[in-house]
Amino acid sequence: MTNQYDVVVIGSGVIGSSIAYHLSESKQKEILVIDKGFPLSGTSGSTQAWVWVHNKTPSWYGELSMYSAELYPFLERKIGDVEYKRTGGIAPFFNESDREKALRLAEKQAEVGIDIEVLNREQVLEKEPALSPTIAGATYSKIDGNVNPFRLVELYIKAAKRNGAEFSFYNPVIDIDKDNGNFTITTKEGVFYAKQLILAGGPWTKGLGELLGIDIPVKQVRGQIIVTEPLAPLIKHTIGGMRQADNGEILIGYSKEEVGYDRRTTLDVIQDTAKMAVDYLPDLARANIVRCFSGIRVMPHDGFPILGEIPEIDNAFIAVMHSGITLSPLVGTLMTELLTEGETSIDLKRLRFNRFNECNV
Amino acid sequence: MDKSTIVCRCEEINIDEIESAIKMGAHTFDDIKRITRCGMGPCQAKICTTLVQRIISEYTDKPLSDIGPSRMRMPLKLTRIGVLAGNKESSSVISVFSESASKEGETKND
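Since we're looking at a predicted model, the values are computed, not measured.

## Let's talk about the overall build of chain B
Moving on, step 1. Helix and strand content of chain B: 5 helices and 3 strands.
Moving on, step 2. Going residue by residue from the N terminus, the α and β elements of chain B occur as β-β-α-α-α-β-α-α.
Moving on, step 3. Taken over 110 residues, chain B has a buried fraction of 42%.
Moving on, step 4. Contacts spanning at least 24 positions in sequence make up 45% of the contacts within chain B whose residues lie at least 6 apart.

This is the structure we're talking about:
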């Protein structure tokens, strides 16, 4: 291992490893990825891993998610079977009064090419017979799906390694300095130098920003998830709130709490999650829970990805977002364009870090 | 023991798969769990914990006492969703008849 790299990526989650993989495809750059722990020990390993598009709003954000979902089949051909399934997504609603909102969503998303059907009760139950007959309807889109996050991150890393990228795990970054156009990254295992630096530490990016003397406008959000025992095929679609994995487990959860980096599961949220499970799918009352887990996710202050150059620090970049699983193929592609060509095929103006400064003026 | 010996019965993970994860850089039981699914099945690592700890110990030349178990997760034992959801019609106590009539496996041996 040398100490000098073209690009150092901090964070080997789904975003960091996707960037490393996509950058490594051209084999032009010496790449090192540094992680304080082992892959999948943070956010990327504690998610339901929906590839979810249809009710991401405003529509430009939905459009971005759609482009990323479209990349998944190609990604799978390049890096291997990540158990990506385009199941179609169903987001149920229980009040007839919500139909109006659903229709408005469908209208807005249609402007950017996302097809949404607003279904009535019978149509939903025809698609997904296990759903509760008390639902009033649902929005539905073919574009949504899910993926196995463990396979996804492992295969990103394996493919990147095959292309020559290097990885250093269990290696926390202690300090970052910039002089003579080079970054000096001091870690537990030694010092590395980089021409370009990418922060992709998810919720832990906040601490990395402090090393560079910048305040990264993100907060931490905890999500708790229930995993059932393997069940016979019960649901075919990705449902807003749950999905069934290839091995039959159903993952359920849709909670958001601001509790910093506390990763415990709590009985109250798990009970509410269980309630949601039964409200959606009455049959689940008889299913056994094998375990519960929670993950810390990152949430930029305005909810949208922060992607691109870090203002006032040349050659420093950031890629931090909620919905990293959905967006990772696109983010990897765009960051590669930005680092190798200096411009991207999709305009990143809305996602730039400096939008936060502009708001303050 | 043969490399193909099953260590995790729930997920059918053998010694070779665990060693591959260690070669990839996995240090702890939890690292191995996430790469292989070893210990993620219905028994929640109750069967494979010491076996995996022993493999890590042998492979890394660290004393067994330094190798921690995997992280324990609520609810530790299979629990019905209906119970947690507070549905009065279901409870952890089920009748002997329905117990013997259904094939629950894990739960009735406790």
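## Brief notes about the interface of chain A and chain B
Moving on, step 1. Each side of the interface is counted separately: chain A has 37 residues, and chain B has 26 residues.
Moving on, step 2. Together chain A and chain B conceal approximately 2,800 Å² of surface at their shared face, both sides included; 61% is due to carbon and sulfur atoms.
Moving on, step 3. Sorting the residues of chain A by area buried against chain B places F38, I289 and R291 of chain A first, and these three jointly supply 21% of that buried surface.
Moving on, step 4. In this structure, R37 of chain B engages E249 of chain A in a salt bridge whose closest nitrogen and oxygen atoms are separated by 2.6 Å.

## Let's talk about the packing of aromatic side chains
Residue and element names in this part refer to chain A.
Moving on, step 1. A complete count under the given rule lists 14 aromatic pairs over all chains for this structure.
Moving on, step 2. Each ring, one from F353 and one from F356, has its centre 6.4 Å from the other, and the planes form 75°; the classification is edge-to-face.
Moving on, step 3. A residue is classified by how much of its surface remains accessible, and F353, at 5% relative accessible area, is buried.
Moving on, step 4. Aromatic rings pair up to connect F38, F167, F169 and Y170 into one cluster.
Moving on, step 5. Its guanidinium or amino end placed over the ring of W204, K36 lies 4.4 Å from that ring's centre, counting from NZ or CZ.

## Some words on helix α5 (residues 149-162) of chain A
Moving on, step 1. Over its 14 residues, α5 of chain A extends 20 Å from the first C-alpha to the last, a length consistent with the 20 Å expected when each residue adds 1.5 Å.
Moving on, step 2. The buried count for α5 of chain A comes to 10 of 14 residues, which makes it a mostly enclosed element.
Moving on, step 3. Among all positions in α5 of chain A, only P149, F150, L152, V153, E154, L155, Y156, I157, A159 and A160 of chain A are buried.
Moving on, step 4. Packing partners of the buried residues in α5 of chain A comprise α1 (14-24), α2 (59-79), β8 (166-168), β14 (242-244) and α8 (324-341) of chain A together with α2 (29-36) of chain B.
Moving on, step 5. Between the side-chain oxygen at the start of α5 of chain A and the backbone nitrogen of F150 of chain A there is a gap of 2.9 Å, and the oxygen is on N148 of chain A.
Moving on, step 6. With its phi angle positive at about 100°, G164 of chain A sits one or two positions after the end of α5 of chain A.

## Remarks on the UniProt feature "domain: SoxA A3" (unreviewed entry) in chain B
Moving on, step 1. Under the feature "domain: SoxA A3" (unreviewed entry), the UniProt entry names residues 5-86 of chain B.
Moving on, step 2. In the segment residues 5-86 of chain B, helix accounts for 40% and strand for 9%; the C-alpha atoms at its two ends are 42 Å apart.

## Structural notes on the pattern of salt bridges
Residue and element names in this part refer to chain A.
Moving on, step 1. For the structure on display, the rule yields 20 salt bridges over all chains.
Moving on, step 2. One salt bridge connects E70 with R86, and the closest N-O pair in it is separated by 3.4 Å. In this pair, E70 sits in helix α2 while R86 sits in the loop between α2 and β4 (89-93), placing the two residues 16 residues apart along the sequence.
Moving on, step 3. Judged by relative accessible area, which is 36%, R86 ranks as partly exposed.
Moving on, step 4. Among the salt bridges present, the one from E258 reaches K219, with a minimum N-O distance of 3.2 Å. Linking E258 in the loop between β15 (250-252) and α7 (267-280) with K219 in strand β12 (residues 218-228), this pair joins segments that are 39 residues apart in sequence.
Moving on, step 5. A relative accessible area of 30% means that K219 is categorised as partly exposed.
Moving on, step 6. Residues joined in a network through salt bridges with shared partners are R222, E257, D262 and R264.

## Focus: the domain arrangement of chain A
All names here are of chain A.
Moving on, step 1. In terms of domains, chain A is made up of domain 1 (4-47 + 150-217 + 302-358) and domain 2 (219-300).
Moving on, step 2. Domain 1 and domain 2 are separated by 29 Å when their C-alpha centres are compared.
Moving on, step 3. Taken together, the contact between domain 1 and domain 2 spans 17 residues of the former and 14 residues of the latter.
Moving on, step 4. Summing both partners gives a buried area of about 1,300 Å² for domain 1 against domain 2, and 62% of it is carried by carbon and sulfur.
Moving on, step 5. Taken as a group, S46, P203 and H322 account for 44% of the area that domain 1 buries against domain 2, more than any other trio of residues on that side.

## Some points on the environment of G207 of chain A
All names here are of chain A.
Moving on, step 1. Residue position: G207 is located in helix α6 (residues 205-211).
Moving on, step 2. For G207, a relative accessible area of 32% corresponds to the partly exposed category.
Moving on, step 3. Once the C-alpha coordinates of G207 and V173 are considered, the two residues, 34 residues apart in sequence, prove to be 9.8 Å apart.

## What about the pairing of strand β10 (residues 182-187) of chain A?
Consecutive side chains along a regular strand alternate between the two faces of the sheet.
Residues and elements named next belong to chain A.
Moving on, step 1. Inspection of the sheet shows strand β9 (residues 173-179) paired to β10 by 6 bridges, in the antiparallel sense. By the bridge assignment, V173 is partnered in β10 with T187.
Moving on, step 2. Pairing between β10 and strand β11 (residues 190-199): 5 bridges, direction antiparallel. Residue pairing across strands places T184 opposite Y193, the latter belonging to β11.
Moving on, step 3. From the end of β10 to the start of β11, which pair antiparallel, there are 2 residues.

## Concerning α1 of chain A
Since there are 3.6 residues in each turn of an α-helix, residues three or four apart along the chain are aligned in direction.
Moving on, step 1. When you tally the buried positions in α1 of chain A, you get 11 out of 11 residues, the bulk of the element.
Moving on, step 2. Listed as buried for α1 of chain A are V14, I15, G16, S17, S18, I19, A20, Y21, H22, L23 and S24 of chain A.

## Some words on the packing of helix α1 (residues 15-23) of chain B against α2 of chain B
Residue and element names in this part refer to chain B.
Moving on, step 1. Across the interface, α1 lies against α2 with an axial gap of 9 Å and an inter-helix angle of 115°. Between α1 and α2, the angle falls in the class roughly perpendicular. Here α1 runs over α2; the crossing is right-handed. Mapping the contact onto sequence places E17, I18, A21 and I22 in α1 and I32, I35 and T36 in α2.
Moving on, step 2. Residue composition of the contact of α1 with α2, by class: 5 nonpolar, 1 polar and 1 charged.

What counts and what doesn't
- Residues numbered from 1 in each chain as written.
- Chains lettered and ligands numbered in written order.
- Predicted model: local features only at pLDDT ≥ 70, side-chain atom pairs only at ≥ 80, totals over all residues.
- Heavy atoms only, no water.
- Helix = DSSP H or I, 4+ residues; strand = E, 2+ residues; numbered from the N terminus.
- Buried < 20%, exposed > 50% of the residue type's maximum accessible area, 1.4 Å probe, protein only.
- Contact = heavy atoms within 4.5 Å.
- Buried area = accessible area lost by both parts, 1.4 Å probe.
- Salt bridge = Lys/Arg side-chain N within 4 Å of Asp/Glu carboxyl O.
- Phe/Tyr/Trp six-rings, centres within 6.5 Å; stacked < 30°, edge-to-face > 60°.
- Lys NZ or Arg CZ within 6 Å of the ring centre and 35° of its normal.
- Expected span 1.5 Å × (residues − 1).
- Polar contact = N/O pair within 3.5 Å; in protein donor to acceptor, adjacent residues only side chain to side chain.
- UniProt positions renumbered as here; feature names shortened; annotations may be inferred.
- Domains from an automatic or database assignment.
- Pairing = 2+ DSSP bridges.
- Axes fitted to C-alpha atoms, helices over the stretch in contact; angles between N-to-C directions.
- Parallel < 35°, antiparallel > 145°, perpendicular 65-115°, else oblique.
- Left-handed = near helix turned anticlockwise from the far one by under 90°.
- Nonpolar A, V, L, I, M, F, W, Y, C, P; charged D, E, K, R; others polar.

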